[in-house]
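# Breakdown of the fold
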Amino acid sequence: MLEPTIIPQRRKPRYGFHSHTEKLNGRMAMLGFIALMVVEATLGHGLLIW
């Protein structure tokens, strides 16, 4: 029986829905939410009030 001599290496994909991109997106969303809370606390009102 033949055995392969080279084991293929899987590369992480550069685009699409994958666990590492979803984690990064979630972390950026959390940072944005915290930044929004800080800005609202500093201004004393929300950003959507005209």
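Structure's up top.
The following refers to the structure shown. (Residues numbered from 1 in each chain as written. Predicted model: local features only at pLDDT ≥ 70, side-chain atom pairs only at ≥ 80, totals over all residues. Heavy atoms only, no water.)

Turning to the overall build of the chain, a few remarks are in order. When helices and strands are counted, the chain shows one helix and zero strands. Against the 2.2 N^0.38 benchmark of 10 Å for 50 residues, the chain shows a C-alpha radius of gyration of 22 Å, more extended than a compact globule. Reported as C-alpha extents along the three principal axes, the dimensions of the chain are approximately 75 × 15 × 10 Å. For the chain, the computed accessible surface area is about 5600 Å², with 67% contributed by carbon and sulfur atoms. (Helix = DSSP H or I, 4+ residues; strand = E, 2+ residues; numbered from the N terminus. Rg over C-alpha atoms; globule rule 2.2 N^0.38 Å. Areas by Shrake-Rupley, 256 points an atom, 1.4 Å probe, with all protein chains shown as cover.)

Residues Phe 33, Ile 34, Leu 36, Met 37, Val 38, Val 39, Leu 43 and Leu 47 make up a contiguous nonpolar surface patch of roughly 720 Å² in combined accessible area. With respect to the helices and strands, Ile 34 occurs in helix 1 (residues 19-43). (Patch = residues over 30% accessible without salt bridge, like charges linked within 9 Å, V, L, I, M, F, W, Y side chains within 5 Å. Salt bridge = Lys/Arg side-chain N within 4 Å of Asp/Glu carboxyl O.)

In short, shape yes, function no, at least from these values alone.
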